[in-house]
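# Geometric and topological summary
Here are the chains, one letter per residue:
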Amino acid sequence: MDEKNINLGEAGNQPLEPMPEAEESAQEAQAVADVTVPAEANTESTDSTAAEASAVDTEVTEITEEASAPPHEQLKEKSEPIVRYRWDYQEQKHYDERHYRRSRKSGRLVYAAVFFLVFLLTVSMLIGALLLGEFFGTNNEPTYGSIGDLYEECLPSYVAISVTTKTGEGVGSGVIITSDGYIATNYHVVEDSTAISVIMSDGTTYDAEFIDGDELNDIAVVKIKAQNLPAAKLGTSKNSRVGDQVMAIGTPHSINYQGTMTSGYISALDRRFVEQNTNGTVKKVLYLIQTDTSVNPGNSGGPLFNMSGEVIGIVTLKIAGNNYEGLGFALPMESVIDMINDIIQNGKITNPDAGGANRGAALGISGFSVTQNTKYLLSGQYHYRMAMDEEKNEEVVIIPTIYGDIEVPLSDKETLESYEITEYTFYTAPATGVYVMQTNDGFDSAEKLKKDDILVTADGISCKQMASLQSLIADRRIGDKIEFEVFRDGKLITITVELGKAASVE
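Residues numbered from 1 in each chain as written. Predicted model: local features only at pLDDT ≥ 70, side-chain atom pairs only at ≥ 80, totals over all residues. Heavy atoms only, no water.

## Some points on the overall build of the protein chain
- Counting its regular elements, the protein chain contains eleven helices and 27 strands.
- For the protein chain, the proportion of its 506 residues judged to be buried stands at 36%.
- In the protein chain, once contacts between residues fewer than 6 apart in sequence are set aside, the share between residues at least 24 apart is 61%.
- Of the roughly 30700 Å² of accessible surface on the protein chain, 50% is carried by carbon and sulfur atoms. (Helix = DSSP H or I, 4+ residues; strand = E, 2+ residues; numbered from the N terminus. Buried < 20%, exposed > 50% of the residue type's maximum accessible area, 1.4 Å probe, protein only. Contact = heavy atoms within 4.5 Å. Areas by Shrake-Rupley, 256 points an atom, 1.4 Å probe, with all protein chains shown as cover.)

Quick look at the structure:
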């Protein structure tokens, strides 16, 4: 009989495909059953082969049983795959650790990137703020730990000033501008002085020489013979803001109070201050720093410091009275420094327009407000409105007093004389405006206006009140021109008048 050698390893590696036909399964099972083991095999081989054959018989039997099942049952059983899971704890642990390390590393990188971006953004904002602050900001940023530190630093540049005049003695303050002895103060502090003494903060006293000054800007320079003086650090109020803290050092009342420090805040900048003559005309116009820092007579001419220790102003005046509190004013340093330098360099003022103040412009007329069809009594430089007492059927003169207006019958000569109304004329206004009583020589108005003219409008602004015209003129400069509508001889005409220089009338 022929021997058939079958490689069971190869047969075992072949996939068992479903047998749709029972006959094919039976044939395959028969072929496997006919396998014969060679006779030459030794006992050990025979035993191995027998075991393998037994395994094959078992497999063939299972296949045969499966083949004997109906086809749809075979397909149902074979369609469900056998899945085997293999789980290794150590391998899973290593995997988890590797995943955790990678996650931590990625997280750290993300956090580092976020923090780095935040850091860059913060640095950029700080640099931008510094640059913007340098360009737009204030020079009043605090550089001292306390107001006491600031005072100790600034005190040496302040001086007290004692003056002697023909009528008595007075005190003021000043600030050292240069280390070789030039000191700035107010003009009104040293005006008409016959002797000037400068007392340093350490008590050292020097005789001082008046170099020059300007009454309009209220600034003056004196000189002492000294070297290596602690000159003040000069600043500007241009970058200051309302609400910035400031400090003044002065000599209120007397030399006994030398070096008095007061502090407060900037209440207003470019505060327009109009000084008038006794006759109501504008003497000069100043633009000042307003502060609630306490200032008193003797503070005049002293420095006003910002919190960086810079002199931003020269204290010049205060509004005093029972009903006023905390209304002090200082000349902005930038408005007077050019004039101070002009005096130091040239020994006198060579440019009178260097200061920030301007002398009041003037129209050069005397007059008052009138209302159309109203009768007035004119007596010298005074004028009074007339009215009719309907009950007594007589004219009365309305005289203003501190207690209010009083009505004096025109027939009451004695009472009128008590108000120095002795000689008078009457005038009934044909229009409403400012009545021209007289013009002053040396003004353009003397050539173009005349008595009894009524100024109806000025540059299109109604002149119903004298105060309106004065306010308009106060905003103008010498040489400016104003176009008036003038009621003259029963008709309106247009006249352009150039403003002149206001006279200083005490």
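## Here we look at the sheet that holds strand 17 (residues 375–379)
- If you trace the five strands from one edge of the open sheet to the other, you get 20-19-18-17-21, paired in antiparallel fashion. The sheet is open, and its two borders are formed by strand 20 (404–409) and strand 21 (425–428), each paired with just one other strand. On average, each strand axis in the sheet is tilted by 35 degrees relative to the strand beside it, whichever way the strands run.
- Sheet topology places strand 17 next to strand 21; four bridges connect them, and they run antiparallel. What sits directly across from L378, in strand 21, is T425. (Pairing = 2+ DSSP bridges. Axes fitted to C-alpha atoms, helices over the stretch in contact; angles between N-to-C directions.)

## With respect to the sheet that holds strand 5 (residues 205–214)
- If you trace the six strands once around the closed barrel, you get 1-2-3-6-5-4, paired in antiparallel fashion. Across the sheet, the mean angle separating the axes of adjacent strands is 40 degrees when strand polarity is ignored.
- Across two bridges, the pairing between strand 2 (residues 168–176) and strand 3 (residues 182–185) is antiparallel. Bridge pairing in strand 3 links V175 to A184.
- Across the sheet, helix 8 (residues 333–346) lies against strand 3, strand 5 and strand 6 (219–224), angled at about 40 degrees from strand 6, the strand it touches most.

## Comments concerning the pattern of salt bridges
- Taken as a whole, this structure holds five salt bridges when the rule is applied.
- Close ionic contact of K375 with E395 constitutes a salt bridge, the shortest N to O distance being 2.9 Å. Note that K375 is positioned in strand 17 and E395 in strand 19 (residues 394–401), a separation of 20 residues in sequence.
- A relative accessible area of 26% means that K375 is categorised as partly exposed.
- With a relative accessible area of 26%, E395 lands in the partly exposed category.
- In this structure, the salt-bridge partner of D444 is K448, at a minimum N-O distance of 3.1 Å. Of this pair, D444 and K448 both sit in helix 10 (residues 444–448), four residues apart, which is roughly one turn of the helix. (Salt bridge = Lys/Arg side-chain N within 4 Å of Asp/Glu carboxyl O.)

## A word on unusual backbone geometry
- Phi is positive for H253, which is not a glycine, with a value near 75 degrees.
- As for its placement among the helices and strands, H253 is situated in the loop between strand 8 (245–250) and strand 9 (260–276).

## Points about the confidence of the model for the protein chain
- Within the protein chain, residue pLDDT values average 78, and 73% of them lie at 70 or more.
- Taken together, the stretch residues 1–67 has pLDDT below 50 and engages in 26 contacts with residues farther than four places along the chain or on a different chain.
- Counting contacts from residues 134–140, a segment whose pLDDT is below 50, to residues more than four positions away or on other chains yields 17 contacts. (pLDDT = per-residue confidence, 0-100.)

## Examining the pairing of strand 23 (residues 454–458)
- Strand 23 sits mainly inside the fold: five of its five residues count as buried.
- Note that strand 22 (residues 433–439) and strand 23 share two bridges and pair antiparallel. Counterpart to Y435 in the pairing with strand 23 is I454.
- With two bridges joining them, strand 23 and strand 24 (residues 461–462) adopt antiparallel strand pairing. Looking across to strand 24, one finds that T457 is bridged to S462.
- Hairpin connection between strand 23 and strand 24: a loop of two residues separates the two successive antiparallel strands, and D459 in this loop has a positive phi of roughly 50 degrees.

## Quick notes on the packing of aromatic side chains
- Applying the stated criterion across every chain, the model contains five aromatic pairs.
- Between the aromatic rings of F368 and Y435, the centroid separation amounts to 5.3 Å while the plane-to-plane angle is 55 degrees, which identifies the pairing as tilted. Separated by 67 residues along the polypeptide, F368 in strand 16 (residues 365–370) and Y435 in strand 22 bring together distant segments of the chain.
- Residue Y435 is classed as buried on the basis of its relative accessible area of 1%.
- A centroid spacing of 5.6 Å and a plane angle of 70 degrees characterise the contact between Y424 and F426, whose relative ring orientation is edge-to-face.
- Take Y424: its relative accessible area is 23%, and that puts it in the partly exposed class.
- Here the basic side chain of K223 rests over the ring of Y182, its NZ or CZ set 5.3 Å away from the ring centre.
- We note K375 situated over the ring of F426; from NZ or CZ to the ring centre the distance is 4.5 Å. (Phe/Tyr/Trp six-rings, centres within 6.5 Å; stacked < 30°, edge-to-face > 60°. Lys NZ or Arg CZ within 6 Å of the ring centre and 35° of its normal.)

## Focus: the environment of K451
- In this fold, K451 is placed in the loop between helix 10 and strand 23.
- Spatially, the C-alpha atom of K451 lies 9.5 Å from that of S366, the residues being 85 residues apart in sequence.
- Each residue touching K451, except ones within four places of it in the same chain, is listed here: Y435, V436 and M437.
- Of the polar contacts made by the side chain of K451, one reaches the side chain of D452; its length is 3.3 Å. (Polar contact = N/O pair within 3.5 Å; in protein donor to acceptor, adjacent residues only side chain to side chain.)

## Details of helix 8
- With 14 residues, helix 8 extends 20 Å between its outermost C-alpha atoms, agreeing within 8% with the 20 Å of an ideal straight helix rising 1.5 Å per residue.
- Here helix 8 has its buried residues at M333, S335, V336, I337, M339, I340, D342, I343 and I344.
- Contacts from the buried residues of helix 8 go to strand 3, strand 5, strand 6, strand 7 (233–234), strand 12 (310–318) and strand 13 (328–332).
- Directly beyond the C-terminal end of helix 8, a positive phi value near 75 degrees is found at G347. (Expected span 1.5 Å × (residues − 1).)

## Some words on a nonpolar patch on the surface
- On the surface, F116, L117, F119 and L120 cluster together into a nonpolar patch covering about 430 Å² of accessible area.
- Counting through the fold element by element, L120 comes out in helix 5 (residues 89–136). (Patch = residues over 30% accessible without salt bridge, like charges linked within 9 Å, V, L, I, M, F, W, Y side chains within 5 Å.)

## Focus on the environment of K348
- Mapped onto the elements of the fold, K348 is located in the loop between helix 8 and strand 14 (358–359).
- When the C-alpha positions of K348 and G213 are compared, they lie 7.8 Å apart, and in sequence the two are 135 residues distant.
- When residues no more than four places from it in sequence are discounted, the contact partners of K348 are D212, D342 and I343.

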